[in-house]
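# Structural features, examined
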2 protein chains.
Amino acid sequence: MENIEILGFIAAVLTTGAYVPQVYKTWKLKSTKDISLSMYAAMFTGVLLWLIYGIHYKSIPIILANGITAILIMFVLVLKYKFK
Amino acid sequence: MENIEILGFIAAVLTTGAYVPQVYKTWKLKSTKDISLSMYAAMFTGVLLWLIYGIHYKSIPIILANGITAILIMFVLVLKYKFK
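These numbers come from a predicted model, not from an experiment.

## Side note on unusual backbone geometry
Residue and element names in this part refer to chain A. With phi around 50°, Lys-30 is a residue other than glycine that occupies positive phi space. Assignment of secondary structure puts Lys-30 in the loop between helix 2 (19-29) and helix 3 (37-56). On the basis of relative accessibility, which here comes to 42%, the residue Lys-30 falls in the partly exposed class.

Encoded structure:
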């Protein structure tokens, strides 16, 4: 793998993995007052579109990154609804 | 522009623009208790790496989307520090 592709892979792991501590924090605090619903709704829609984009170009990194991100954002949205 | 590129463009606007309501909400509430610092720190690092990735491939959409996202995340991080 080229250096730039390794960098892209690390970037994908970071921008997808970033949601894990937020899901954990929200689950632990059971509070979502400071979290913007509009942000997560827009992000969820955007990530689904990136997923379609990735499927069209048969790009495994785009499909994986956005598929996992969609699931993590769904967790935040469910917790936002549950602990509003 | 092909349909799939238009879809990718809408995806980029959504996943970048998603941070605007969070910056606005954080600014208005002056509270960041429910927001994960680890999430935004990881996201900021990841977005900077995507920016380098975009510069390497001279991809204007990747450069623009991640450049603007980096600035928006920086706002959330500054507010997180200010209103902790």
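## Comments concerning the side chain of Asp-34 of chain B
Relative to the helices and strands, Asp-34 of chain B is located in the loop between helix 2 (19-29) and helix 3 (37-56). Residue Asp-34 of chain B is classed as buried on the basis of its relative accessible area of 0%. Within the structure, the side chain of Asp-34 of chain B is placed 2.8 Å from the side chain of Ser-31 of chain A, a separation counted as a polar contact. Look past the residues within four positions of Asp-34 of chain B in its chain and what remains in contact with it is Gln-22, Lys-25, Leu-29, Ser-31, Thr-32, Lys-33, Asp-34 and Ile-35 of chain A.

## A few points about the relation of the copies chain B and chain A
Between the two copies of this chain, the relationship is a rotation about some axis together with a displacement along it. Of the transformation superimposing chain B on chain A, the axial component is 0.0 Å and the angular component is 180°, with the fit at an RMSD of 0.0 Å. A rotation of that kind, with that shift, is consistent with a two-fold axis. In terms of proximity to the rotation axis, the leading residue of chain B is Asp-34 of chain B, whose C-alpha is 2.7 Å off the axis. Interface overlap between copies: 100% of the residues of chain B at the interface are likewise at the interface in chain A, consistent with a symmetric, same-surface contact.

## Looking at the nonpolar core
Tyr-19 of chain A together with Tyr-19 of chain B are the most contacted members of the largest nonpolar core, which totals 28 residues. Beyond its immediate stretch of four places on either side in the chain, Tyr-19 of chain B contacts Tyr-19, Met-39 and Met-43 of chain A together with Tyr-40, Met-43, Thr-69, Leu-72 and Ile-73 of chain B.

The rules behind the values
Residues numbered from 1 in each chain as written. Chains lettered and ligands numbered in written order. Predicted model: local features only at pLDDT ≥ 70, side-chain atom pairs only at ≥ 80, totals over all residues. Heavy atoms only, no water. Helix = DSSP H or I, 4+ residues; strand = E, 2+ residues; numbered from the N terminus. Buried < 20%, exposed > 50% of the residue type's maximum accessible area, 1.4 Å probe, protein only. Polar contact = N/O pair within 3.5 Å; in protein donor to acceptor, adjacent residues only side chain to side chain. Contact = heavy atoms within 4.5 Å. Least-squares fit on C-alpha atoms with pLDDT ≥ 70 in both. Core = buried A, V, L, I, M, F, W, Y, C linked by side-chain atoms within 4.5 Å.

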